[in-house]
Amino acid sequence: MALNVLTPWLAPIIWDGTYDIDILDNQHNSTRIGLFVFAVKKYIRFLLPFLESAERYFMVGHNVTYYVFTDKVNEVVKPKMADGHILQLHDVVADQRWQDVSMRRMEILTVFTKEHMPNEIDYLVCADVDMVFNDHVGVEILGDLVATIHPAYFLSEKGAFTYERRPISTAYIPHGHGDFYYMAALYGGKVDEIYKLSMACQKGIVEDKKKNIEAVWQEESHLNRYLVYNKPTKVLSPEYLWDTILPNGELIKKKRFLAVHKNHKEVRN
Ligand code: UDP
Ligand code: MN
């Protein structure tokens, strides 16, 4: 099922060999693309390798703006960047809990997709920073609303998806609903689509907080809930999110965006 190249609502699932990059590159010769990333507290250590690998593999030859949010603007080391690439550094508060840092991204997205990005970019890609680009990631990933299949669940039955299952949470997805389990480490779309997505997720996060609950996988749970009822127009295969510790790697020909292994206790403390 998840090795298909079409979803049941006929959105393409992007695998190596399903597209001609020259045709797509031509269609996007004046497209402006943003890459949104948080590097807060100890995660600042992941930023330079992330950006350097992006310069090597992400949207090569296109107009790219990096939107970096950090509590350590002065410590950011800038990578050597191609012409037409812009690095924007923005201050962000450092929440104490790592879960709150991770969720804070939705709130910041609601502001930037409304106020700044509409004049600056056409598409936005949102990523975790504890990752490196390891092979081509180009305009084939652009679409109105794009999400990536979680690499640990691409062969799983729906019943095994770790959606939020408590009806009290706004991220609740009833059994039998949902199509894929998406990972929040890579998603994107047109700026106005990410505005709508982040508004919905942020609203859910705030409502849950009022009830003193937190969805099982924080903003990833809210993202999954949103995407059940607002189907992505394009789905990225696990080529676009991989972790070398996972099984079934032989099914994934190109590992384009790889998790960096981290000591969770150490970086989150
Ligand atoms: N993050 C951060 N500082 C923190 C915690 C999280 O900058 O102290 C950001 C960072 O971009 C990170 C993302 O939030 O990649 C998601 O957190 P994490 O990668 O720890 O989640 P995981 O991928 O392990 O589920
Ligand atoms: Mn991560």
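What counts and what doesn't
Residues numbered from 1 in each chain as written. Chains lettered and ligands numbered in written order. Predicted model: local features only at pLDDT ≥ 70, side-chain atom pairs only at ≥ 80, totals over all residues. Heavy atoms only, no water. UniProt positions renumbered as here; feature names shortened; annotations may be inferred. Donors = N, O, S within 2.8 Å, 3.2 Å for Na, K, Ca; no water. Buried < 20%, exposed > 50% of the residue type's maximum accessible area, 1.4 Å probe, protein only. Near = heavy atom within 4 Å. Polar contact = N/O pair within 3.5 Å; in protein donor to acceptor, adjacent residues only side chain to side chain. Helix = DSSP H or I, 4+ residues; strand = E, 2+ residues; numbered from the N terminus. Pairing = 2+ DSSP bridges. Salt bridge = Lys/Arg side-chain N within 4 Å of Asp/Glu carboxyl O. Axes fitted to C-alpha atoms, helices over the stretch in contact; angles between N-to-C directions. Parallel < 35°, antiparallel > 145°, perpendicular 65-115°, else oblique. Left-handed = near helix turned anticlockwise from the far one by under 90°. Contact = heavy atoms within 4.5 Å.

- For the chain, an unreviewed UniProt entry supplies the name ABO glycosyltransferase and the organism Eleutherodactylus coqui.
- Recorded under Subcellular location (unreviewed entry), the UniProt text for the chain is reproduced unchanged: "Membrane".

1. Structural notes on the coordination of the manganese ion (ligand 2)
So, point 1. Distances from the manganese ion (ligand 2) to its protein donors, Asp128 (OD), Asp130 (OD) and Asp130 (OD), fall at 2.1 to 2.5 Å. Accessibility classification places Asp128 together with Asp130 in one group, the buried group.

2. Observations concerning the site of ligand 1
So, point 1. Taken together, 14 residues lie around ligand 1, and Phe38, Val40, Tyr43, Asp130 and Lys262 are the ones closest in.
So, point 2. A distance of 3.1 Å separates an oxygen atom of ligand 1 from a polar side-chain atom of Asp128.
So, point 3. In this structure, Asp130 approaches ligand 1 through a side-chain N or O atom, which is 2.9 Å from an oxygen atom.
So, point 4. It is helix H3 (residues 98–115) that provides the largest number of residues to the shell around ligand 1, a total of 3 residues.

3. Focus on the pairing of strand S8 (residues 182–190)
Where a strand is regular, its side chains alternate between the two sheet faces.
So, point 1. With respect to burial, S8 is a largely interior element, 7 of its 9 residues being buried.
So, point 2. As paired strands, strand S5 (residues 123–127) and S8 are joined by 5 bridges and run antiparallel to one another. If you follow Tyr123 over to S8, its bridge partner there is Lys190.
So, point 3. Pairing between strand S7 (residues 145–149) and S8: 5 bridges, direction antiparallel. In the sheet register, Val146 faces S8, and the bridge partner there is Gly188.

4. Thoughts on unusual backbone geometry
So, point 1. Positive phi, normally seen in glycine, also occurs at Met59, with a value near 55°.
So, point 2. Of note, Met59 is situated in the loop between helix H2 (47–57) and strand S3 (63–70).
So, point 3. A positive phi angle is found at Asn248, which is not glycine, with a value near 70°.
So, point 4. Considering the arrangement of structural elements, one finds Asn248 in the loop between strand S9 (234–236) and strand S10 (257–259).

5. Here we look at the pattern of salt bridges
So, point 1. Across all of its chains, the model carries 19 salt bridges by this definition.
So, point 2. Its salt-bridge partner being Lys196, residue Glu193 comes within 3.2 Å of it at the nearest N-O pair. With Glu193 and Lys196 both in helix H5 (residues 191–210), this residue pair falls 3 residues apart, about one helical turn.
So, point 3. Through salt bridges with shared partners, a single network forms among Arg97, Asp100, Lys209 and Glu214.

6. Describing the packing of H3 against H5
So, point 1. Running from N to C, H3 and H5 cross one another at 135°; their axes reach a closest spacing of 8 Å. Comparing the axis directions of H3 and H5 gives the class oblique. Handedness of the H3/H5 crossing: left-handed. Of H5, the residues touching H3 (which contributes Asp100, Met103, Met106, Glu107, Leu109, Thr110, Thr113 and Lys114) are Val191, Ile194, Tyr195, Leu197, Ser198, Met199, Cys201, Gln202, Ile205 and Lys209.

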